[in-house]
Amino acid sequence: MYQNLPQTPGYYWARSGQQFKWYDMIIHVYGEAPFFRMEGWKLSSSSTCGSVNLSDIADFGPQLPHPEVPPERIKR
């Protein structure tokens, strides 16, 4: 049914429909497995962020790298 379901929290590319040959969403997966929650951004939409249901996603893509920022850089 669903392909490439995330196994760890993070940011992932996703497709909203199988007809797309590119990923048109960025999904933030967070929480504890197996009860992950999701919010996302649809690249073709003007809305900034919102809750996403698994039924809104046709296919998950690769995980996006998310660099860790050292606390001393944040305090500046």
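Here is a short report on the structure shown in this document. (Residues numbered from 1 in each chain as written. Predicted model: local features only at pLDDT ≥ 70, side-chain atom pairs only at ≥ 80, totals over all residues. Heavy atoms only, no water.)

## Here's the deal with the sheet that holds strand β2 (residues 25–30)
- Read from one edge of the open sheet, 5 strands run β4-β3-β2-β1-β5, paired in antiparallel fashion. At either end of the open sheet lies a strand with only one pairing partner, and these are β4 (50–51) and β5 (59–64).
- Of the pairings in the sheet, the one linking strand β3 (residues 37–42) to β4 comprises 2 bridges and is antiparallel in character. Pairing of glycine 40 across the sheet is with glycine 50, part of β4. (Pairing = 2+ DSSP bridges. Helix = DSSP H or I, 4+ residues; strand = E, 2+ residues; numbered from the N terminus.)

## Topic: the pattern of salt bridges
- All chains considered together, the criterion is met by 1 salt bridge.
- Across the pair arginine 15 and aspartate 59 runs a salt bridge, and its minimum N-O distance is 2.8 Å. Residue arginine 15 is located in strand β1 (residues 10–15), and its partner aspartate 59 is located in strand β5; the two are separated by 44 residues in the primary sequence.
- Under the relative-accessibility criterion, arginine 15 is labelled buried at 14%.
- Judged by its relative accessible area of 4%, aspartate 59 falls in the buried class. (Salt bridge = Lys/Arg side-chain N within 4 Å of Asp/Glu carboxyl O. Buried < 20%, exposed > 50% of the residue type's maximum accessible area, 1.4 Å probe, protein only.)

Any link to function would need more than the numbers given here.
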